[in-house]
Amino acid sequence: MVQAARTPSDEELLQLARDVAANAYVPYSRFPVGAALLTRGGEVVTGCNVENASFGLTICAERTATTRMCAQADPQAPDGGTRRRIVTAAVVALKAAPCFPCGACRQVLHEFGCQFVVVEDADGSAKRYPFAQILPHSFGPEDLDVR
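Not measured: the values here are computed from a predicted model. (Residues numbered from 1 in each chain as written. Predicted model: local features only at pLDDT ≥ 70, side-chain atom pairs only at ≥ 80, totals over all residues. Heavy atoms only, no water.)

Here helix α1 (residues 10–21) contains 12 residues, and its C-alpha end-to-end distance of 16 Å stays within 8% of the 16 Å for a straight helix at 1.5 Å per residue. Listed as buried for α1 are Asp10, Leu13, Leu14, Ala17, Val20 and Ala21. All buried residues of α1 lie within an arc of 125° about the axis, which places them on one face of the element. In this fold, the buried residues of α1 make contact with β2 (33–39), β3 (43–48), β4 (86–93), β5 (116–120) and β6 (126–130). (Helix = DSSP H or I, 4+ residues; strand = E, 2+ residues; numbered from the N terminus. Expected span 1.5 Å × (residues − 1). Buried < 20%, exposed > 50% of the residue type's maximum accessible area, 1.4 Å probe, protein only. Arc of directions from axis to C-beta. Contact = heavy atoms within 4.5 Å.)

Structural data, given as structure tokens:
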């Protein structure tokens, strides 16, 4: 995780996602995607998609970034909780715009409290969506009866 000196703009988050998309491992689809997550703790975590010949084992950019966020956050640190909460997820596909998170990624982002998704619009501008708008009637931890 990289602690941002200031809160990055949506455009800066998209650029970080675009930059990391260049690292995507996409020998099958040739569809590179990058994601940049802004955590509630003010850190930015990036990830790219990594494909596999067994397509079901492919991991999307958003889930790569989320697993990196978890792996790098110290849950025992005073800010451990905020470092595992997502404010904004920016997603960029190098060959298509806009590129929204798939259903599996939406569910994972929801697990970590994502509040906004930012995508690159067809004209290249940043478009911000409240998370509830892209995942209406979602199922999350609050729906489990874990007493």
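This paragraph deals with the nonpolar core. The nonpolar side chains of a soluble globular protein tend to be buried, and buried together. Judged by nonpolar contacts, the single largest core of 15 residues is most densely connected at Leu37, Ile86, Leu109, Cys114, Val117 and Phe131. The set of elements that each furnish at least two residues to this core consists of α2 (61–72), β4, β5 and α4 (131–134). Once residues lying within four places of it in the same chain are set aside, the contact partners of Val117 are Ala89, Pro101, Lys127, Arg128, Tyr129, Phe131 and Ile134. (Core = buried A, V, L, I, M, F, W, Y, C linked by side-chain atoms within 4.5 Å.)

Before going further, it helps to spend a moment on the side chain of Thr39. Secondary-structure assignment places Thr39 in strand β2. Excluding residues within four positions of it along the chain, Thr39 makes contact with Val45, Met69, Thr82, Arg83, Arg85, Ile86 and Val87.

Bringing α2 into the picture now. An ideal rise of 1.5 Å per residue puts 16 Å on 12 residues; α2 measures up with 16 Å between its terminal C-alpha atoms. Residues of α2 that are buried include every one of Ala61, Glu62, Thr64, Ala65, Thr66 and Met69, and no others. The inward-facing, buried residues of α2 abut β2, β3, β4 and α3 (103–111).

The next thing to look at is the packing of α2 against α3. Closest axis-to-axis distance for the α2/α3 pair is 9 Å, and the angle between their directions is 25°. Judged by the inter-axis angle, α2 sits roughly parallel to α3. Crossing handedness for the pair α2 and α3: left-handed. Residue-level inspection shows Glu62, Arg63 and Thr66 of α2 in contact with α3, the latter providing Ala104, Cys105, Val108 and Leu109. Split into classes, the residues belonging to the contact of α2 with α3 amount to 4 nonpolar, 1 polar and 2 charged. (Axes fitted to C-alpha atoms, helices over the stretch in contact; angles between N-to-C directions. Parallel < 35°, antiparallel > 145°, perpendicular 65-115°, else oblique. Left-handed = near helix turned anticlockwise from the far one by under 90°. Nonpolar A, V, L, I, M, F, W, Y, C, P; charged D, E, K, R; others polar.)

Residues Tyr25, Tyr28, Val50 and Phe55 make up a contiguous nonpolar surface patch of roughly 430 Å² in combined accessible area. Tracing the sequence through the fold places Tyr28 in the loop between α1 and β2. Judged by relative accessible area, Tyr28 falls into the partly exposed class, the value being 42%. (Patch = residues over 30% accessible without salt bridge, like charges linked within 9 Å, V, L, I, M, F, W, Y side chains within 5 Å. Areas by Shrake-Rupley, 256 points an atom, 1.4 Å probe, with all protein chains shown as cover. Salt bridge = Lys/Arg side-chain N within 4 Å of Asp/Glu carboxyl O.)

Okay, the environment of Arg6 next. Relative to the assigned elements, Arg6 resides in the loop between β1 (2–3) and α1. According to the relative accessible area criterion, Arg6 is exposed, its value standing at 51%. Residues Arg6 and Val91, spaced 85 residues apart in sequence, show a C-alpha to C-alpha distance of 20 Å. Within polar-contact distance, the side chain of Arg6 engages the side chain of Glu12 at 2.5 Å. (Polar contact = N/O pair within 3.5 Å; in protein donor to acceptor, adjacent residues only side chain to side chain.)

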